[in-house]
Amino acid sequence: MKQLALYGGTPVREKPYPVWPTAGQLEEQKLAEVLASQQWGGHAKTVTQFETLFASMHDCDYGVATATGTLALELALAAAGIGEGDEVIVPAHSFIATAMAVSRVRAVPVFVDIDRDSYNIDAAKIESAISDRTRAVLAVHFGGLTADMDRIRELPRTRKFVILEDAAHAHGAEWHGQRAGSLGLGAAFSFQSSKTMTAGEGGILTTNDKELAARARSLSDGGRRTTEDWFDHFELGSNFRMTALQAALLSAQLEGLTNRIRLRSENVAVLRDLVRTPGVSFQTQPEEATTHSLYLLVGRIDEKNFGIDRDGFVRAMEAEGIPCRPFYPHTLYQNPLYVGPQAPPHRIEPCPEAELAVKDSFWISHRVLSGNNEDTLDISRAISKIHEAFQPQKSKGETPIN
């Protein structure tokens, strides 16, 4: 049996995985065009063109580009008329921006448990969380896997509420062949530096609702109306606009999005077929989720069957040369922002699956899934090597590393 790199053995690989973000000739060309145009601001045609292209690719008529993904979330909520005292149902696991955007518009996030297999909000748990103050369900497509939009859209409307998408992970993802971003009233995407499309920062709101798009455009552009004079402002808006330089980078990356998803999908299919190791399982993709964007490959370690706990597994994978990280260190409602007497108003439903994921789950990022066949095989080899190394310890009753 090969000695683990964690204990001085030779690692499975020493070659680094593909870097991200990266730029090529197309990015350089589009940036040069913007620089030469002297149209660098948020009203440049480069931004308008990107909004149209991205929205269309995600089955939407309208796109409103923003400086960040967090601003896109705030904009979606505000444009939908959600404000002080309104309740918005959110999953117990996501990046803090999902809940923070709700609190920023002075609404109340209601934290609901995740489904054990998909890591998305558990649609079966949403109904019991609905109150007479519920104004929205904000569905996160975690890791790039679309939430169960069939069940979410079938929720009984005891009071009128809207369905919004946090599609920060889900560029190009699909549900029944329909693109994320078009599955609710509106959606927010992120182009932060780790995302599968990035300009360092950036975001966009997508929608098929003309009124929502117009309200979002006004709120993000200082309260202007596109049909009125430049110096006329009609509501208390702000400046959320994306720059032309951001839009140029994103337009270049949009061209390669489908091919990058295809490459990751092929690699993950190989990995799922190879990894039959007891005690390791990956996020389940239901057949309705026709395209998983694979921003993250999320997995779980069953310590009893694998022979080592999640944290030990992550450390061992890193030592073997496979970038891997533990799941979020806490649920959203356990984040310091939502703990203590100074916390913004919020409500917590029972979330045992979310709390378990903190302890036993991990993920592998899209850049690690974007290599060649040998790169993918190394992930499988590392998992098998770690599992084999800890089976003798387990059988002898020794304590796995923590």
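Residues numbered from 1 in each chain as written. Predicted model: local features only at pLDDT ≥ 70, side-chain atom pairs only at ≥ 80, totals over all residues. Heavy atoms only, no water.

## Re the overall build of the chain
Okay, step 1: Counting secondary structure elements, the chain contains 13 helices and 14 strands.
Okay, step 2: Relative to a compact globule of 402 residues, whose C-alpha radius of gyration would be 21 Å, the chain shows 22 Å and is just as compact.
Okay, step 3: When its C-alpha atoms are laid out on the principal axes, the chain stretches across 75 × 55 × 40 Å.
Okay, step 4: Partitioning the contacts of the chain with sequence separation of at least 6, the portion at a separation of at least 24 is 73%.
Okay, step 5: Counting only carbon and sulfur atoms, one obtains 50% of the accessible surface of the chain, whose full area is about 17,500 Å². (Helix = DSSP H or I, 4+ residues; strand = E, 2+ residues; numbered from the N terminus. Rg over C-alpha atoms; globule rule 2.2 N^0.38 Å. Contact = heavy atoms within 4.5 Å. Areas by Shrake-Rupley, 256 points an atom, 1.4 Å probe, with all protein chains shown as cover.)

## Brief notes about the sheet that holds strand 10 (residues 280-282)
Okay, step 1: What the four strands build is an open sheet, ordered 10-11-14-12; its pairing is antiparallel. The open sheet has two edge strands with one neighbour each: strand 10 and strand 12 (325-326).
Okay, step 2: Where strand 11 (residues 296-301) lies against strand 14 (residues 361-365), five bridges are found, and the strand directions are antiparallel. Each residue of the ladder has a partner; that of leucine 297, found in strand 14, is isoleucine 364. (Pairing = 2+ DSSP bridges.)

## As for unusual backbone geometry
Okay, step 1: Residues tryptophan 20 and proline 21 are joined by a peptide bond in cis, for which omega reads 0°.
Okay, step 2: By the secondary structure assignment, proline 21 is in the segment before helix 1 (25-37).
Okay, step 3: With phi around 55°, leucine 294 is a residue other than glycine that occupies positive phi space.
Okay, step 4: Relative to the helices and strands, leucine 294 resides in the loop between strand 10 and strand 11.
Okay, step 5: Exposure remark for leucine 294: the relative accessible area of 4% places this residue in the buried category. (Buried < 20%, exposed > 50% of the residue type's maximum accessible area, 1.4 Å probe, protein only.)

## Examining the pairing of strand 9 (residues 203-207)
Okay, step 1: Counting buried positions along strand 9 gives five out of five residues, so the element sits mostly inside the fold.
Okay, step 2: Pairing of strand 1 (residues 62-66) with strand 9 involves five bridges; the strand directions are antiparallel. Its bridge partner being in strand 9, glycine 63 is matched across the sheet by threonine 206.
Okay, step 3: Sheet topology note: the strand 8 (residues 186-190)/strand 9 ladder contains five bridges and is antiparallel. Bridged to phenylalanine 189 within strand 9 is isoleucine 204.

## Describing the nonpolar core
Okay, step 1: Membership of the largest hydrophobic core comes to 46 residues, with the highest contact counts inside it found for Leu77, Ile82, Val88, Phe142 and Phe327.
Okay, step 2: Elements with a contribution of two residues or more to this core: helix 3 (69-79), strand 2 (87-91), helix 4 (96-104), strand 4 (134-140), strand 5 (162-166), helix 7 (210-220), strand 11 and helix 12 (352-360).
Okay, step 3: Looking at which element gives the most residues to this core, the answer is helix 3, with seven residues.
Okay, step 4: Not counting residues within four places of it along the chain, the set of residues in contact with phenylalanine 327 comprises His93, Tyr119, Phe142, Val298, Arg310, Ala357, Val358, Ser361, Phe362 and Trp363. (Core = buried A, V, L, I, M, F, W, Y, C linked by side-chain atoms within 4.5 Å.)

## Concerning the pattern of salt bridges
Okay, step 1: All chains considered together, the criterion is met by 23 salt bridges.
Okay, step 2: Measuring nitrogen to oxygen at the nearest pair gives 3.6 Å for the salt bridge that ties glutamate 84 to arginine 106. One end of the pair, glutamate 84, is in the loop between helix 3 and strand 2; the other, arginine 106, is in the loop between helix 4 and strand 3 (108-112), and 22 residues separate them in sequence.
Okay, step 3: Here glutamate 84 falls in the exposed class, since its relative accessible area comes to 61%.
Okay, step 4: A residue is classified by how much of its surface remains accessible, and arginine 106, at 56% relative accessible area, is exposed.
Okay, step 5: Residues joined by salt bridges that share partners form a network here, namely Arg13, Glu374, Asp375, Asp378 and Arg381. (Salt bridge = Lys/Arg side-chain N within 4 Å of Asp/Glu carboxyl O.)

## Examining helix 4
Residues that lie three or four places apart on an α-helix share one face, since the helix turns once every 3.6 residues.
Okay, step 1: Counting buried positions along helix 4 gives seven out of nine residues, so the element sits mostly inside the fold.
Okay, step 2: For helix 4, the complete set of buried residues consists of Ile96, Ala97, Thr98, Ala99, Ala101, Val102 and Ser103.
Okay, step 3: Buried residues belonging to helix 4 abut helix 3, strand 2, strand 3, strand 4 and strand 5.

## A few points about the packing of helix 2 (residues 45-57) against helix 8 (residues 244-255)
Okay, step 1: Packing of helix 2 against helix 8 leaves a shortest axis separation of 8 Å and a crossing angle of 35°. Crossing of helix 2 against helix 8: the hand is left-handed. Taken together, the residues of helix 8 that come into contact with helix 2 (itself represented by Thr46, Val47, Phe50, Leu53, Phe54 and Met57) are Ala244, Ala247, Ala248, Leu250, Ser251 and Leu254.
Okay, step 2: In the contact of helix 2 with helix 8, the residues fall into 10 nonpolar, two polar and no charged. (Axes fitted to C-alpha atoms, helices over the stretch in contact; angles between N-to-C directions. Left-handed = near helix turned anticlockwise from the far one by under 90°. Nonpolar A, V, L, I, M, F, W, Y, C, P; charged D, E, K, R; others polar.)

## A few points about the environment of arginine 276
Okay, step 1: With respect to the helices, strands and loops of the structure, arginine 276 is situated in the loop between helix 9 (257-274) and strand 10.
Okay, step 2: Taking C-alpha positions, arginine 276 is 34 Å from phenylalanine 111, a pair spaced 165 residues apart along the chain.
Okay, step 3: Side-chain polar atoms of arginine 276 contact the backbone oxygen of aspartate 273, separated by 2.9 Å. (Polar contact = N/O pair within 3.5 Å; in protein donor to acceptor, adjacent residues only side chain to side chain.)

## A look at the packing of aromatic side chains
Okay, step 1: The final tally for this structure, using the stated rule, is 16 aromatic pairs.
Okay, step 2: Centre to centre, the rings of phenylalanine 50 and phenylalanine 191 are 5.7 Å apart; their planes meet at 70°, and the pair counts as edge-to-face. Here phenylalanine 191 lies in the loop between strand 8 and strand 9 and phenylalanine 50 lies in helix 2, a separation of 141 residues in the sequence.
Okay, step 3: Residue classification places phenylalanine 50 among the buried residues on the basis of a relative accessible area of 0%.
Okay, step 4: Relative to tyrosine 338, the ring of phenylalanine 111 has its centre 5.5 Å away and its plane inclined at 75°; by these criteria the two rings are edge-to-face. Note that phenylalanine 111 is positioned in strand 3 and tyrosine 338 in the loop between strand 12 and strand 13 (347-348), a separation of 227 residues in sequence.
Okay, step 5: Under the relative-accessibility criterion, phenylalanine 111 is labelled buried at 0%.
Okay, step 6: Members of the aromatic cluster, each reached through a chain of ring pairs, are Tyr119, Phe142, Phe327, Tyr328 and Trp363.
Okay, step 7: Across the ring face of tryptophan 230, the terminal group of arginine 224 is positioned such that the distance to the ring centre comes to 3.6 Å. (Phe/Tyr/Trp six-rings, centres within 6.5 Å; stacked < 30°, edge-to-face > 60°. Lys NZ or Arg CZ within 6 Å of the ring centre and 35° of its normal.)

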